[in-house]
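Chain by chain, the residues run as shown.
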Amino acid sequence: RAEFDALPSAGTALEALALEVDREDRRAVTVPLRTLRMDRSGDVGTIDNGLAWALEPDAVKALATRIAAQYPEEVRPDGLGPYLATIPPALRAPNLNTWTESCPTDESAVLRTRRDDGQAGRAVYAIVTDTYTPHDANEIARVVREALHRAGLADGMKARITYDGRRTMIDVISHSDVVAESYAAGEIYRAGVRILTDDTGGGSIRGSGFIDQNLCRNLIIVHIGTAGDWRR
């Protein structure tokens, strides 16, 4: 119960997440793969306009994997993504440029960019296709917050949120106000909803309900159950 009481209200925590993502100033740029070039510092741009973006580590692997997928199987550079992600930028650049210059398709990639505070510029954090429809963590947080407000639960429920710049886990939690000494065997003392999302295009939005249940009078045996799994 003390753990629950220490958490922020769901409304406060969800708005804090939304504002954190807002501050990233995310933007998407569509570029033909064969026009992409990398310089010796590891930044990428295009031969058409010279725009340059830093590449976050996960984006290096995703970009190289997407480029490799354009080649026929018999000449495809298998393992290009993991390889380029582990070598220095000065060596990475000529490798990547060799494959983009001779890219056999007219395919484009959507570079998802955000502010790069460390370099005072912008960084690519994800590579997706032009059919990808974003529903980012800030949008999801505000939808959940609005639903809780409409139900009158935004202040009474608490939230535990983890966000690593790519993936987000939102737990919206309620807790019994029965004191632990009065729990019966089978008492459900905590319940909530968990929402998982990946803003790099690595998976659907997923959710489930969960309960924490006491199974014996002395609180030694507890059970965590989930139900109602869904994905969008």
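Up top is the structure these notes are about.
Structural notes, computed from the coordinates.

Rules used in this analysis
Residues numbered from 1 in each chain as written. Predicted model: local features only at pLDDT ≥ 70, side-chain atom pairs only at ≥ 80, totals over all residues. Heavy atoms only, no water. Pairing = 2+ DSSP bridges. Helix = DSSP H or I, 4+ residues; strand = E, 2+ residues; numbered from the N terminus. Contact = heavy atoms within 4.5 Å. Axes fitted to C-alpha atoms, helices over the stretch in contact; angles between N-to-C directions. Core = buried A, V, L, I, M, F, W, Y, C linked by side-chain atoms within 4.5 Å. Buried < 20%, exposed > 50% of the residue type's maximum accessible area, 1.4 Å probe, protein only. Salt bridge = Lys/Arg side-chain N within 4 Å of Asp/Glu carboxyl O. Parallel < 35°, antiparallel > 145°, perpendicular 65-115°, else oblique. Left-handed = near helix turned anticlockwise from the far one by under 90°. 1 Å grid on protein atoms, 1.4 Å probe; cavity = no way out; pocket = protein on both sides within 12 Å on 5 of 7 lines; lining within 4 Å. Points joined across faces, edges and corners; volume = space filled by probe spheres on them. Nonpolar A, V, L, I, M, F, W, Y, C, P; charged D, E, K, R; others polar.

**Remarks on the sheet that holds strand β5 (residues 108-116)**
Consideration 1: Across the sheet, which stays open at both edges, the 4 strands sit in the order β1-β5-β6-β4 with mixed pairing between neighbours. Each end of this open sheet is capped by a strand with a single partner; those strands are β1 (27-32) and β4 (54-55).
Consideration 2: Pairing analysis gives 2 bridges linking β4 to strand β6 (residues 121-128), with the strands arranged parallel. Looking at β6, one finds that alanine 54 is bridged to alanine 123.
Consideration 3: Most of the contacts of helix α3 (residues 57-68) go to β6, to which it runs at about 50 degrees, and overall it touches β4, β5 and β6.

**Examining the nonpolar core**
Consideration 1: Membership of the largest hydrophobic core comes to 24 residues, with the highest contact counts inside it found for Val44, Leu55, Leu63, Leu96 and Leu111.
Consideration 2: Counting only elements with at least two residues in this core, the list comes to β2 (36-38), α3, α4 (80-86), α5 (89-101), β5 and β6.
Consideration 3: No other element matches the 6 residues that α3 contributes to this core.
Consideration 4: Residues in contact with leucine 63, not counting those within four places in the same chain, are Leu33, Leu36, Val44, Leu55, Leu96 and Ile127.
Consideration 5: In this structure, Ala13, Ile140, Ala141 and Leu148 belong to the second largest nonpolar core, which totals 19 residues.

**A word on the sheet that holds strand β8 (residues 167-175)**
Consideration 1: Pairing in this open sheet of 5 strands is antiparallel, and the strands run β7-β8-β9-β10-β11 from one edge to the other. The sheet is open, and its two borders are formed by β7 (158-163) and β11 (222-231), each paired with just one other strand. This sheet shows a mean twist of 15 degrees between the axes of neighbouring strands, independent of strand direction.
Consideration 2: Summarising the sheet, strand β9 (residues 188-198) and strand β10 (residues 206-214) pair through 8 bridges and their orientation is antiparallel. Bridged to valine 193 within β10 is glycine 209.
Consideration 3: Set on the sheet, helix α2 (residues 10-22) makes contact with β7 and β8; between it and β7 the angle comes to about 25 degrees.

**Some thoughts on the pattern of salt bridges**
Consideration 1: Here the structure, examined in full by the defined rule, presents 24 salt bridges.
Consideration 2: As a salt-bridge pair, arginine 112 and aspartate 136 come within 2.8 Å of each other at their nearest N and O atoms. One end of the pair, arginine 112, is in strand β5; the other, aspartate 136, is in the loop between β6 and α6 (137-150), and 24 residues separate them in sequence. There is no split in this pair, since arginine 112 and aspartate 136 are both buried.

**A closer look at the packing of α3 against α5**
Consideration 1: Close contact between α3 and α5 brings their axes to 10 Å; oriented N to C, the two are set at 30 degrees. Taken together, the axes of α3 and α5 lie roughly parallel to each other. Crossing of α3 against α5: the hand is left-handed. Where α3 approaches α5, its residues Val60, Leu63, Ala64 and Ile67 are matched on the opposing element by Arg92, Leu96, Trp99 and Thr100.

**Some remarks on the layout of surface pockets**
Consideration 1: Counted as a void, the largest pocket has a volume near 200 Å³.
Consideration 2: The wall of the largest pocket is formed by 13 residues, among which Asp171, Arg194, Phe210, Asp212 and Ile224 lie closest to the centre.
Consideration 3: Broken down by secondary-structure element, the contributors of at least two residues to the lining of the largest pocket are β8, β9, β10 and β11.
Consideration 4: Sort the elements by how many residues they give to the lining of the largest pocket and β10 lands first, with 4 residues.
Consideration 5: Residues belonging to the lining of the largest pocket are distributed by class as follows: 3 nonpolar, 3 polar and 7 charged.

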